[in-house]
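Secondary and tertiary structure notes
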There are 2 protein chains.
Amino acid sequence: MAHLGTSVEYGLHCLLWLAEPGAAAASSRDLAELQGVSPSFVAKIFPRLEKAGIVSATPGIHGGYRLAQPAAQISVLAVVDAIEGRKPLFECQEIRGRCALFKGRAPTWSTQGVCSIHAVMLRAEQRMRDELAGSSLADLAGTVARKAPAGLDGEVRVWLGDRLQARLKARSGDGPARSTGKRATEAGTRATRPRRREAP
Amino acid sequence: MAHLGTSVEYGLHCLLWLAEPGAAAASSRDLAELQGVSPSFVAKIFPRLEKAGIVSATPGIHGGYRLAQPAAQISVLAVVDAIEGRKPLFECQEIRGRCALFKGRAPTWSTQGVCSIHAVMLRAEQRMRDELAGSSLADLAGTVARKAPAGLDGEVRVWLGDRLQARLKARSGDGPARSTGKRATEAGTRATRPRRREAP
DNA sequence: ATAACGCGGACGGTATTCGTCCGTGTTCAA
DNA sequence: TTGAACACGGACGAATACCGTCCGCGTTAT
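A brief look at the structure comes next. Computed from a prediction, not measured in an experiment: that's the story for all the values here. (Residues numbered from 1 in each chain as written. Chains lettered and ligands numbered in written order. Predicted model: local features only at pLDDT ≥ 70, side-chain atom pairs only at ≥ 80, totals over all residues. Heavy atoms only, no water.)

As for the nonpolar core
A general trend in soluble globular proteins is that nonpolar side chains are found buried together. Applicable threshold: Residue types Ala, Val, Leu, Ile, Met, Phe, Trp, Tyr and Cys, when buried and joined through side-chain atoms within 4.5 Å, form a set referred to as a nonpolar core. Between buried and exposed lies partly exposed: a residue is buried under 20% and exposed over 50% of the maximum accessible area for its type, with that area taken using a 1.4 Å probe on protein chains only. Any two residues whose heavy atoms approach within 4.5 Å are treated as being in contact.
A:L15, A:F46, A:L49, B:L15, B:F46 and B:L49 are the most contacted members of the largest nonpolar core, which totals 105 residues. Beyond its immediate stretch of four places on either side in the chain, B:L49 contacts B:L15, B:I54, B:V55, B:V79, B:A82 and B:I83.

As structure tokens, this is what we get:
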């Protein structure tokens, strides 16, 4: 992909479900399968969000993740930094000091301050970060709620609840023949997605 | 590196030399060795700048590149796009349509317009591009000229001129013994640079 | 005791990037 | 006319990053 990878996309989409007003804790697997996305991969994303204080985790069979702060206080920038780790837009290699005229010893004036090319890139990166810092999860959740029909959040809640119930029931009522046994996992995780590819 | 690769860094540094007020045409090899950078790699960058109309090329032994427009009309954004080819900051994979509740048939309201997450990223990318579009090669060249001692541009001009003369002379005066023969190429191109690496 | 959960590390396949090397056609100096 | 340097483009190789899976660990509720 490009500078912002699939991880942030998955992470943000998952967080949007958790940002619903009355959302309960949800496991990374359920969030992934709710969206038709690789559960293993989503499971790798959430620990980073937790270390950044964006979500809080509770272990155990009833466990899962919930937001650790109000959605209005979580900026998109915070999520991006938590997942991707502040990769800079541009890495200056200090070429100005390598000019052949200097014969190996770069004069001080040539390496003082920030390289002018680097400076433009830093300004551009900062502008990008400003925009990301200006949008919160609550803002995003608001725009999708404005498009979705009323009651969708409730549907999602029962979907998640049903999955939990099914998993618990499967444990209690597991006869020797597990004909309908793993019903909860539905048609399995066919989240493997073909690599993106251009038209030839 | 990060989203903006080494190619743009090399390209911009080379263009800054060409943006000097009285600069003559310079070959990609000379520009590269003037800055202690791989000549082969720089040679791969310039054809893209030419196709974008930023530089113009003249073949032949006296050939080289020169700016095709006044430096004040060439924006940093144009150079970046010419070299890297408009890679987006974010590639939306339309996850909103994959919600398990839809059972494979995504309703129209869910895929209408731009995904809200994608929209934030597009705004952020646009702000970044705005900043890059606001800086021209002339602006950059001005800030470096303000730091460098007067007369540096002249020194560079004679350095480039000397290399051309030396190459032409080497052809005329090549005796059977080439003792001092390849003096022009100096100590060769040891521009191979070790891969960037973090501290362990 | 079992099964699910979060956590973290190891692993593999693919795409991208940096950089080199080659071949082609063109222009100028000797 | 020969040769050298130029721009141009494609093939190639090594290193890296990313996506995604798999496994083992400790914890919690049934």
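The rest of the description comes next.
With respect to the relation of the copies chain B and chain A
What counts is decided by this rule: Least-squares superposition aligns the copies on the C-alpha atoms of those residues with pLDDT at or above 70 in both.
When chain B is fitted to chain A, the residual RMSD is 0.1 Å, and the transformation amounts to a turn of 180° plus an axial shift of 0.0 Å. What we have between these two chains is a two-fold relation. The residues that chain B uses at the interface reappear at the interface of chain A in 100% of cases, marking a shared surface.

Remarks on helix α7 (residues 137–147) of chain A
What counts is decided by this rule: Each helix is a run of DSSP H or I of at least 4 residues and each strand a run of E of at least 2, with the numbering of both proceeding from the N terminus. Relevant arc is that of directions from the helix axis to the C-beta atoms, nothing else.
Turning to α7(A), its buried residues are A:L137, A:L140 and A:A141. Down the axis of α7(A), the buried set is contained in an arc of 95°. They therefore lie on one face. Where α7(A) is buried, its residues meet α1 (6–18), β2 (64–67) and α4 (76–84) of chain A together with α6 (116–133) of chain B.

Re the layout of surface pockets
Basically, it comes down to this: Grid spacing is 1 Å over the protein atoms alone, the probe is 1.4 Å, and a cavity is where that probe fits but cannot get out, while a pocket is an open set with protein on both sides within 12 Å along at least five of seven lines and lining residues have an atom within 4 Å of a point. Grid points are joined across faces, edges and corners, and a volume is the space filled by probe spheres set on the points. Classes in brief: Ala, Val, Leu, Ile, Met, Phe, Trp, Tyr, Cys and Pro nonpolar; Asp, Glu, Lys and Arg charged; the others, Gly included, polar.
The calculated volume of the largest pocket comes to roughly 710 Å³. Taken together, 35 residues line the largest pocket, and the ones lying closest to its centre are A:L16, A:A141, A:V144, A:A145 and B:S116. The set of elements that each furnish at least two residues to the lining of the largest pocket consists of α1, α7 and α8 (152–172) of chain A together with α5 (108–111) and α6 of chain B. Sorting elements by how many residues they give to the lining of the largest pocket places α7(A) first, with eight residues. The residue makeup of the lining of the largest pocket, split by class, is 21 nonpolar, eight polar and six charged.

A closer look at the protein's contact with DNA strand D
For clarity, the cut-off: Any residue with a heavy atom positioned within 4 Å of a molecule or strand is treated as near that molecule or strand. In protein, a polar contact requires one atom able to donate a hydrogen and another able to accept it; more generally it is a pair of N or O atoms within 3.5 Å, and residues adjacent in sequence count only if both atoms are side-chain atoms.
Lining the immediate environment of DNA strand D, one finds 31 residues, of which A:T6, A:S38, A:K87, B:E50 and B:Y65 sit closest. Within 4 Å of the protein, the contacting atoms of DNA strand D are drawn from sugar and phosphate to the extent of 86%. The contact in question runs from a phosphate oxygen of DNA strand D to an N or O atom on the backbone of A:T6, over 2.6 Å. At a separation of 3.3 Å, a phosphate oxygen of DNA strand D approaches a polar backbone atom of B:S28.

Focus on the packing of helix α1 (residues 6–18) of chain B against helix α4 (residues 76–84) of chain B
Residue and element names in this part refer to chain B. Here is the rule we go by: In this analysis, axes come from line fits to C-alpha atoms, helices being fitted only over the stretch in contact, and the angle between any two N-to-C directions falls in the range 0 to 180 degrees. These descriptions rest on fixed angle ranges, namely under 35 degrees for roughly parallel, over 145 for roughly antiparallel, 65 to 115 for roughly perpendicular, and the rest for oblique. Take the far helix as your reference; a near helix turned counterclockwise from it by less than a right angle gives a left-handed crossing, and one turned clockwise gives a right-handed crossing.
Axis separation between α1 and α4 bottoms out at 10 Å; the angle between their running directions is 130°. The angle between the axes of α1 and α4 places the two elements in the oblique class. Regarding α1 and α4, the two cross each other, and that crossing is right-handed. Contact with α1, carried on its side by S7, V8, G11, L12 and L15, involves V76, V79, V80, I83 and E84 of α4 and no other residues of that element. Of the residues in the contact of α1 with α4, the class split is seven nonpolar, two polar and one charged.

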